[in-house]
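# An overview of the molecular structure
The primary structure of each chain is shown beneath.
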Amino acid sequence: KELLKFSHISQCMDLIVKRDYHSLCEKQPIGKMLFYLFCRSSPALQNYISLLDALVKRLIPWLCPQSPQCIDAVEKHEKSCIQALVDDPASDIFKECRKDLHKQLSGGPFLQYQESMFFDRFLQWKKLERQTITKRTFRQYRQLGKGGFGEVWACQVRATGKMYACKKLQKTQVKKRRGETMALNEKQILEKVNSRFVVSLAYAYETKNTLCMVLTIMNGGDLRFHIYNIGPAGLRKEQVQFYAAEVCCGLRHLHQKGIVYRDLKPENILLDDNGHIRISDLGLAVELREGSLVRGRVGTMGYMAPEVIDDQYYGMSPDWWGLGCLVYEMTAGRPPFRERGDNAKKEEMERRIRAGQIEYSPKSFNTQTIDLCRSLLTRDPEQRLGCQPSGAADVQSHAFFNTVNFRMLEAGLVVPPFKPDPKLVYCSDVQDIDEFSTVKGVSLDCADDHFYSKFNTGSVCVNWQNEMIETGCFLELNLFGPRGSRSPDLDW
Ligand code: ADP
Ligand code: MG
Ligand code: MG
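No experiment lies behind these values; they were computed from the predicted model shown.

Another point: the overall build of the protein. Looking only at helices and strands, the protein features 20 helices and ten strands. Looking at the 492 residues of the protein, the share that counts as buried comes to 37%.

Encoded structure:
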């Protein structure tokens, strides 16, 4: 905790923090906590905050006009909320209500907050968040894997104890193979996503020889390993459904942000300790400008969609094709366009993807799974499931998923059908992972520094703040006053 010392407030005043209510009081986890504490401390605002609390917990006494706790700003929503709850008990009936409440809070209360000690404390946390990140910020443990530009290692933040995976890119490797744009692209896309179904980036920093991305650690191995290395090839129906559903939520999130992932395959889907999955390796992902299309023959042979191999323009469609390949492979224990032990060349693979017959052995596939795969593996992207304006929602409503509660899944409340054994290491022996050859004839110069400085941006705001809260550091350090009175109930 020595590493987490607040600076005096006078040293935090130069921090440029855009005074935006949504970012400061809703999006940033520590900001939200402190604004909450501020409201709790003010008699006039206590009911507001209790209502926000209750909205999360789905209680309604603050809505009813008869109630002494009623808030007039939201009173008018009472009837529609109750009716909506009758119509669909799982729906988010308080959306409008919450909007109105935040509208009120973002006025006067938000201005008062900025004059309070709670906001000073927020700036002190921001100062800590913006500390320079170096190799010394972490302890390094075992190697987890190897990528194209360097190794991936397990690491731990010294100050908080939180474990991460550190993906290192050797600067010389990147330079030799002109990977600058790709590396920066991956880092910048990771910064924008925030989903429990996609690995998140917590820190980006550099050392003398490497660029490092510090990511959610996924200790349970990848889906490729689980499909082929445990028992007979393929997975149980419940597993296929669960992983497909989580991947679908991950794709939905990426697509909402205008990002097409383009590299869906079992290797890139990683399991955590509990058996939840996340999409990883966003090196090929690309962000499309509103409604625009992109071209590019990228992906992994065997998983590329017909429109990709034919070099046409596309939007999000290759990812739904990819999901079809994934569901097929998890079910059949082999990818859709390759037999076991078959070493077809590129041209033959492309022919099969464009026109080959896809076989569905009745031994592995039931009718719903066949129908889902057929709909996703539709060659014409215009006709493919998921590619209509309603997008991911159509996929989620397919009969294959009819026993999945996507709302519960999105909230992380569904128990995975398989939990990795914490005593096992689900990857190839690190002894078998080749060393990187030293790169000769490449020297780094100041022209590279511009790229490094764009990469080297330190902590990623929301993830850093979540780390502080999750590891208990926020509660432990967020004391006020000389007697260090602790913040009251903080289960918001
Ligand atoms: P590349 O883009 O160079 O292929 P990857 O992101 O695929 O690099 O990472 C290489 C390997 O490192 C993966 O195949 C996996 O074994 C391991 N790995 C990557 N990210 C993580 C993570 N977040 N947690 C655990 N292991 C990981
Ligand atoms: Mg990879
Ligand atoms: Mg990659």
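What follows deals with the environment of Leu4. With respect to the helices and strands, Leu4 occurs in the segment before helix H1 (21-27). Leu4 sits in the partly exposed class, given 16 other C-beta atoms within 10 Å. Beyond its immediate sequence surroundings of up to four residues, Leu4 is in contact with Leu128, Ala159, Cys473 and Leu477.

Summarizing the sequence annotation, UniProt attributes the feature "binding site: ATP" (unreviewed entry) to Lys167 in the numbering used throughout. Mapped onto the fold, Lys167 is located in strand S3 (residues 163-170). Beyond its immediate stretch of four places on either side in the chain, Lys167 contacts Gly147, Val152, Cys212, Met213 and Leu215.

Moving on, we come to the site of ligand 1. With respect to spatial proximity, 19 residues lie near ligand 1, and among them Gly145, Gly147, Gly148, Val152 and Ala165 are the closest. Secondary structure elements with two or more residues in the shell around ligand 1: strand S1 (138-146), S3 and strand S5 (210-216). Top contributing element to the shell around ligand 1 by residue count: S1, with three residues. When the residues that make up the shell around ligand 1 are grouped by side-chain class, the tally is ten nonpolar, six polar and three charged.

What the six strands build is an open sheet, ordered S1-S2-S3-S5-S4-S10; its pairing is antiparallel. Across the chains shown, the open sheet's two edge strands, defined by having one partner strand only, are S1 and strand S10 (458-459). Its contacts with the sheet place helix H19 (residues 461-470) against strand S2 (151-157), strand S4 (201-206) and S10, and it is angled at close to 110° to S4.

Further remarks concern the packing of helix H13 (residues 317-332) against helix H15 (residues 367-376). Where H13 contacts H15, the axes come no closer than 8 Å and their chain directions differ by 150°. In this structure, H13 crosses over H15, and the sense of that crossing is left-handed. From H13, Trp320, Trp321, Leu323, Gly324, Val327, Tyr328 and Thr331 reach across to H15, where they touch Thr369, Leu372, Cys373 and Leu376. Here the contact of H13 with H15 is built from residues that sort into eight nonpolar, three polar and no charged.

This part is about the packing of helix H11 (residues 237-256) against H13. Where H11 meets H13, the closest approach of the two axes is 10 Å, and the angle between their N-to-C directions is 165°. When the interaxial angle is binned, H11 and H13 end up roughly antiparallel. Of the two elements, H11 crosses H13, and the hand of that crossing is right-handed. Facing Val240, Tyr243, Ala244, Val247, Cys248 and Leu251 of H11, the residues of H13 in contact are Asp319, Leu323, Leu326, Val327, Met330 and Thr331. Classifying every residue of the contact of H11 with H13 gives ten nonpolar, one polar and one charged.

Positive phi values are uncommon outside glycine, yet Arg262 reaches one of about 70°. Mapped onto the elements, Arg262 comes out in the loop between strand S6 (259-260) and strand S7 (269-271). Judged by C-beta crowding, with 24 C-beta atoms within 10 Å, Arg262 ranks as buried. One non-glycine residue, Asp311, adopts positive backbone phi at about 60°. Tracing the backbone shows Asp311 in the loop between helix H12 (306-309) and H13. Look at Asp311 and you get exposed, because 10 C-beta atoms sit within 10 Å.

Now for H13. For H13, spanning 16 residues, the distance from its first C-alpha to its last is 23 Å, which sits close to the expected 22 Å at 1.5 Å a residue. Backbone geometry just downstream of H13 places Gly333 in the positive-phi region, at approximately 75°.

Let us look at the pairing of S2. Of the strand pairs in this sheet, S1 and S2 are connected by six bridges, and their pairing is antiparallel. Each bridged residue has a counterpart across the sheet, and for Phe138 the counterpart in S2 is Val157. Following S1, the chain reverses through four residues before pairing antiparallel with S2. Of the pairings in the sheet, the one linking S2 to S3 comprises five bridges and is antiparallel in character. Bridge assignment links Ala154 to a residue of S3, and that residue is Ala165. Between S2 and the antiparallel strand that follows it, S3, lie five residues; Gly161 among them carries a positive phi value of about 85°.

On the UniProt side, "active site" (unreviewed entry) is annotated at positions that read Asp263 here. With respect to the helices and strands, the residue Asp263 is situated in the loop between S6 and S7. For Asp263, a count of 22 C-beta atoms within 10 Å translates into the label buried. In contact with Asp263, not counting residues within four places along its chain, are Asn268, Asp281, Leu284, Gly299 and Thr300.

Counting residues in hydrophobic clusters, the biggest one holds 117 residues, and the most contacted among them are Val214, Val247, Leu323 and Val327. The greatest single-element share of this core, amounting to ten residues, is contributed by H11. The residues contacting Val327, other than those within four sequence positions of it, are Val240, Ala244, Thr369, Leu372, Cys373 and Leu376.

Thresholds applied
- Residues numbered from 1 in each chain as written.
- Chains lettered and ligands numbered in written order.
- Predicted model: local features only at pLDDT ≥ 70, side-chain atom pairs only at ≥ 80, totals over all residues.
- Helix = DSSP H or I, 4+ residues; strand = E, 2+ residues; numbered from the N terminus.
- Buried ≥ 20, exposed ≤ 12 C-beta atoms within 10 Å, placed from the backbone.
- Contact = placed C-beta atoms within 7 Å.
- UniProt positions renumbered as here; feature names shortened; annotations may be inferred.
- Near = placed C-beta within 6 Å.
- Nonpolar A, V, L, I, M, F, W, Y, C, P; charged D, E, K, R; others polar.
- Pairing = 2+ DSSP bridges.
- Axes fitted to C-alpha atoms, helices over the stretch in contact; angles between N-to-C directions.
- Left-handed = near helix turned anticlockwise from the far one by under 90°.
- Parallel < 35°, antiparallel > 145°, perpendicular 65-115°, else oblique.
- Expected span 1.5 Å × (residues − 1).
- Core = buried A, V, L, I, M, F, W, Y, C linked by C-beta atoms within 7 Å.

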